[in-house]
Amino acid sequence: KAKAAGRDGFQFFTGEINFRAHARLALLEGIRKGIARNEFHLLYQPQVDMKTGRIFAVEALLRWTHPSLGLISPIQFIPLAEETGLIVPLGDWVLEEACRQNKEWQDAGLAPITVCVNVSARQFQDLNWPSRVLRTLDETGLPAECLELELTESLVMRDVDQAVKIMKDLQSAGVAFAIDDFGTGYSSLSALKTLPVSRLKLDQSFVRNLAEDEDDRTIAAAVISLGQKLNMKVIAEGVETDEQVTFLRNNNCDEMQGFHFSKPISSEGIESLLQAQEPKTSSGAIEGRQ
Ligand code: C2E
Ligand code: MG
Ligand code: MG
Ligand code: MG
């Protein structure tokens, strides 16, 4: 009896592996085709400057509308795209689309903002990637100062010297860098100070329970002061409540991003938000029309 159960168990196990392998292959093929079939699109989430209350940047977030499965979250397909290297062409598409869209907002006469783009390790390790970033800026006509690239701690710490070199090259062209999900990886603080990083993104796991968790309050306050002492801006991610805003504001957090301000929305949605925050009546605007 025990033997039969073992055999069943074994069969179930191989069946499971076959299923997973098959699902994986199907998903991979889906991503490959999806790029060609335009099934991907970007949403944009505002980042707000706490001093002025204005949107000064947006983060581009990838979405995939699968033909039969519908909308799939990036946490479901990005890890697979990273493992297989498909993130490289997919990431190229994200960068191009984000730059093109930001240039379009500027061309529509809106005050210039920064577009922030997430970058995976596989992209960053690709030797031709930095030149493709510069070519994309060139081809879309977006000023380099209006692009920020988000890297994670683990990506950067893997090979700090190499990372610094790549980042400095792009920075000298005007591109800025942020450390995403800060506090969840392993940063060497001595390495951190050598990195050309303009912004730390305090991970949302520390923001989520600010109201209840004393330790999270300690960590959040420490990250904010660390970043500022290293001459970086600190932006809190995942800000949802008034209590979180109040705590972060009282601790001099420069900038915030989260559902409290806006969920990730379409490019049209961003356009209306930017239009709404244009200075309404200024003599400059009236003079401009004469
Ligand atoms: P991330 O870069 O840390 O992006 C922030 C994530 O937090 C986004 O999830 C956003 O929708 C979510 N978020 C923002 N505000 C709030 C909030 O107030 N509450 C909560 N609960 N969540 C909030 P999303 O869009 O599902 O993206 C998940 C992750 O997928 C991203 O985390 C990023 O690591 C990755 N990702 C997304 N787009 C890209 C991309 O184009 N390229 C790469 N390489 N990774 C991407
Ligand atoms: Mg990010
Ligand atoms: Mg993050
Ligand atoms: Mg992340």
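Residue numbers restart at each chain and count upward from 1, following the sequence in its written direction. A letter from A marks each chain and a number from 1 marks each ligand, given out in the order of writing. For this predicted model, a pLDDT threshold of at least 70 governs which residues receive local features, and a threshold of 80 or more governs which side-chain atom pairs are given and counted, while totals over whole chains, interfaces and linings are taken from all residues. Excluded from the side-chain calculation are hydrogens and water; included are all heavy atoms of the structure.

For the protein, an unreviewed UniProt entry supplies the name Diguanylate cyclase (GGDEF)-like protein/PAS domain S-box-containing protein and the organism Rhizobium esperanzae.

**A look at the overall build of the protein**
Summing up its helical and strand segments, the protein has 13 helices and 9 strands in all. By its C-alpha atoms, the protein is 85 × 45 × 40 Å across when sized along the principal axes. The burial tally for the protein puts 44% of its 290 residues in the buried class. Sequence-distant contacts in the protein: of pairs separated by 6 or more residues, those separated by 24 or more amount to 67%. The Shrake-Rupley method, run with a 1.4 Å probe, gives the accessible areas here. Residue values count only the displayed protein chains as cover. As presented, the protein carries roughly 15400 Å² of accessible surface, and 53% of it is formed by carbon and sulfur atoms. The averaged location of the 41 negative side-chain charges in the protein is 5 Å from the averaged location of its 30 positive side-chain charges. Helical segments are the DSSP runs of H or I of at least four residues, strand segments are the runs of E of at least two, and each set is numbered from the N terminus. For the exposure calls, accessible area comes from a 1.4 Å probe over protein chains only, and a residue counts as buried if that area is under 20% of its type's maximum, exposed if over 50%, partly exposed in between. Here a residue-residue contact requires only that any non-hydrogen atoms of the pair lie within 4.5 Å. Within this scheme the basic residues Lys and Arg register as positive and the acidic residues Asp and Glu register as negative, but His and the chain ends are omitted. Charge positions come from single atoms, namely NZ of Lys, CZ of Arg, CG of Asp or CD of Glu.

**Focus on helix α12 (residues 267–276)**
Along α12, the residues that are buried comprise Ser267, Ile270 and Leu274. Projected onto a plane normal to the axis of α12, the buried residues spread over an arc of 55 degrees and lie on a single side. Summarising the contacts, the buried residues of α12 are in contact with β1 (40–49), β2 (55–66) and α3 (87–107). When we speak of the arc, we mean the arc of directions from the helix axis to the C-beta atoms.

**What to know about the coordination of the magnesium ion (ligand 2)**
Only Glu59 (OE), Asn118 (OD1), Glu150 (OE) and Asp180 (OD) from the protein coordinate the magnesium ion (ligand 2), and they sit 2.0 to 2.3 Å from it. The donor definition counts N, O and S atoms within 2.8 Å of each metal and applies 3.2 Å to Na, K and Ca; water is not among these atoms, so some sites may look incomplete. Mapping the donors of the magnesium ion (ligand 2) onto the primary sequence yields the spacing E-x58-N-x31-E-x29-D. Between the two metal centres, the magnesium ion (ligand 2) and the magnesium ion (ligand 3), the spacing is 4.1 Å, with Asp180 acting as a shared donor. Of this pair, Glu59 sits in strand β2 while Asn118 sits in strand β4 (residues 114–118); the two residues are 59 residues apart in sequence, bridging distant segments of the chain. Take Glu59: its relative accessible area is 4%, and that puts it in the buried class.

**As for the confidence of the model for the protein**
For the protein, the mean per-residue pLDDT works out to 91, and 90% of the residues sit at or above 70. Per-residue confidence from the prediction method is given by pLDDT, with values spanning 0 to 100. The low-confidence segment residues 281–290 (pLDDT under 50) makes 0 contacts with residues lying over four places distant or belonging to another chain.

**Overview of the pairing of β4**
In summary, the side chains of a regular strand alternate between the two faces of the sheet. Buried residues dominate β4, accounting for 4 of its 5 residues. With 4 bridges joining them, β4 and strand β5 (residues 147–152) adopt parallel strand pairing. Looking at β5, one finds that Val117 is bridged to Leu149. Note on pairing: two strands pair once DSSP finds at least 2 bridges between them.

**With respect to the site of ligand 1**
Neighbouring residues of ligand 1: 22 residues in total, closest Arg63, Asn118, Asp180, Glu240 and Phe259. Think of a polar contact as two N or O atoms within 3.5 Å of one another; within protein, one of them needs to be a possible hydrogen donor and the other a possible acceptor, and neighboring residues in sequence only count if both atoms come from side chains. Within the side chain of Arg63, a nitrogen or oxygen atom sits 2.9 Å from an oxygen atom of ligand 1. In isolation ligand 1 exposes 800 Å². Once the protein is present, 82% of that is buried. Broken down by secondary-structure element, the contributors of at least two residues to the shell around ligand 1 are β2, α2 (74–84), α3 and β6 (176–182). Per element, the largest residue contribution to the shell around ligand 1 is 4 residues, and it comes from β2. Distances are taken per atom, and a residue is near a molecule or strand as soon as one of its heavy atoms is within 4 Å of it.

**Regarding α2**
Because the α-helix completes a turn every 3.6 residues, residues three or four places apart line up on one side. Within α2, burial applies to Phe77, Ile78, Leu80 and Ala81. Buried residues of α2 fall within an arc of 170 degrees about the axis and therefore sit on the same side. Exposed residues on α2 whose side chains face more than 90 degrees from its buried face are Ile75 and Glu83. Gly85 lies just past α2 and shows a positive phi near 90 degrees.

**Remarks on the packing of aromatic side chains**
Note on aromatic pairs: each is described by the distance of the centres and the angle between the planes. Between rings of Phe, Tyr and Trp, where Trp is taken as its six-membered ring, a pair exists when centres lie within 6.5 Å; planes separated by under 30 degrees are stacked, by over 60 edge-to-face, and by other angles tilted. The full count for this structure, using the stated rule, is 5 aromatic pairs. Ring centres 5.2 Å apart and planes at 20 degrees place the aromatic pair Phe40 and Trp64 in the stacked group. Here Trp64 lies in strand β2 and Phe40 lies in strand β1, a separation of 24 residues in the sequence. Residue class for Phe40 comes out buried when judged on its relative accessible area of 5%. The exposure class assigned to Trp64 is buried, which follows from its relative accessible area of 0%. Cation placement over rings: the criterion is NZ of Lys or CZ of Arg within 6 Å of the ring centroid and within 35° of the ring normal. In this arrangement the basic side chain of Lys263 is found over the ring face of Phe259, its NZ or CZ atom lying 4.9 Å from the centre.

**Some points on the pattern of salt bridges**
Throughout this description, the term salt bridge denotes a Lys or Arg side-chain nitrogen within 4 Å of a carboxyl oxygen of Asp or Glu. One pass over the structure, following the stated rule, counts 16 salt bridges. As a salt-bridge pair, Glu39 and Arg37 come within 3.7 Å of each other at their nearest N and O atoms. What emerges from the salt-bridge pattern is a single network uniting Glu59, Glu150, Lys201 and Glu237.

**Some thoughts on the environment of Thr218**
As for its placement among the helices and strands, Thr218 is situated in helix α10 (residues 214–229). Judged by its relative accessible area of 47%, Thr218 is partly exposed.

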